Amino acid sequence: MEESVPEFRGFVEKSTAGILHEFENDSKKQKARMSEFLSKQTQLLNTVHSELLRFGAIESLQLEDMMSIMKTCQTRLLTIKERMRKASTKVAKLKARSLKIQEIKQKEALNRELRREALLMLEQEMVVSQ
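Residues numbered from 1 in each chain as written. Predicted model: local features only at pLDDT ≥ 70, side-chain atom pairs only at ≥ 80, totals over all residues. Heavy atoms only, no water.

This part covers the overall build of the chain. The helix and strand tally for the chain stands at two helices and zero strands. For 130 residues, the compact-globule formula gives about 14 Å, and the C-alpha radius of gyration of the chain, at 47 Å, lies well above that figure. Taken along its principal axes, the extent of the C-alpha atoms in the chain is 155 × 60 × 15 Å. Charge separation in the chain, taken as the distance between the mean sites of 24 positive and 19 negative side-chain charges, equals 15 Å. (Helix = DSSP H or I, 4+ residues; strand = E, 2+ residues; numbered from the N terminus. Rg over C-alpha atoms; globule rule 2.2 N^0.38 Å. Lys, Arg positive; Asp, Glu negative; His and termini not counted. Charge placed at Lys NZ, Arg CZ, Asp CG, Glu CD.)

Here it is as C-alpha cells:
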C-alpha cells in the first residue's frame, strides 16, 4: 500500500494545482470586475457630491422665488388652456350656426328662383291665352 501512496500524492498534488489554477483565474476575473465596479461607484459618488454642492449653494430664497414664479406660470397656463377650450367651443357653435344660416339662405334663394320661374310661366300662359 505504501507504493501507491506516492502515486496518490502526485495525483492529489496535480489535481489540487489544477483546481487552484481554475479558482485563481476566476478570482482574477472577479477582482477585475470588482475594481471596475468600485471605480464606477466612486465616479458616481463624486458626481452626486458635486450636484449636492451645487444645489447647496443656491439659497433657499432663490428656490422659493423660483417655485413662486413656477406656480404663477402654471396658473396662467391653466387659465389660457381654459380660455382656449371655451373659444374652441364657441367657434364650433358659431360654425354650426353659420352652416344653418347658409342652408336657410340657399333655400330662400331657391324658393325665390322657383317663384320667379312660376310667375314667368304664368305670364307666358297669360300672354299666349290672350
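And the narrative resumes.
This brings us to the pattern of salt bridges. This model, assessed by the stated rule, comprises three salt bridges. Close ionic contact of Lys-40 with Glu-36 constitutes a salt bridge, the shortest N to O distance being 3.3 Å. Of the two residues, Lys-40 and Glu-36 are both situated in helix α1 (residues 4-57); the distance of four residues between them amounts to about one turn of the helix. Judged by its relative accessible area of 42%, Glu-36 falls in the partly exposed class. (Salt bridge = Lys/Arg side-chain N within 4 Å of Asp/Glu carboxyl O. Buried < 20%, exposed > 50% of the residue type's maximum accessible area, 1.4 Å probe, protein only.)

On the surface, Phe-8, Phe-11 and Val-12 cluster together to form a nonpolar patch covering roughly 320 Å² of accessible area. Topologically, Val-12 is positioned in helix α1. For Val-12, a relative accessible area of 35% translates into the label partly exposed. (Patch = residues over 30% accessible without salt bridge, like charges linked within 9 Å, V, L, I, M, F, W, Y side chains within 5 Å. Areas by Shrake-Rupley, 256 points an atom, 1.4 Å probe, with all protein chains shown as cover.)

With that settled, the discussion passes to the environment of Lys-29. By secondary structure assignment, the location of Lys-29 is in helix α1. The class of Lys-29 is exposed, set by a relative accessible area of 53%. Separated by 33 residues in the primary sequence, Lys-29 and Gln-62 place their C-alpha atoms 50 Å from one another.

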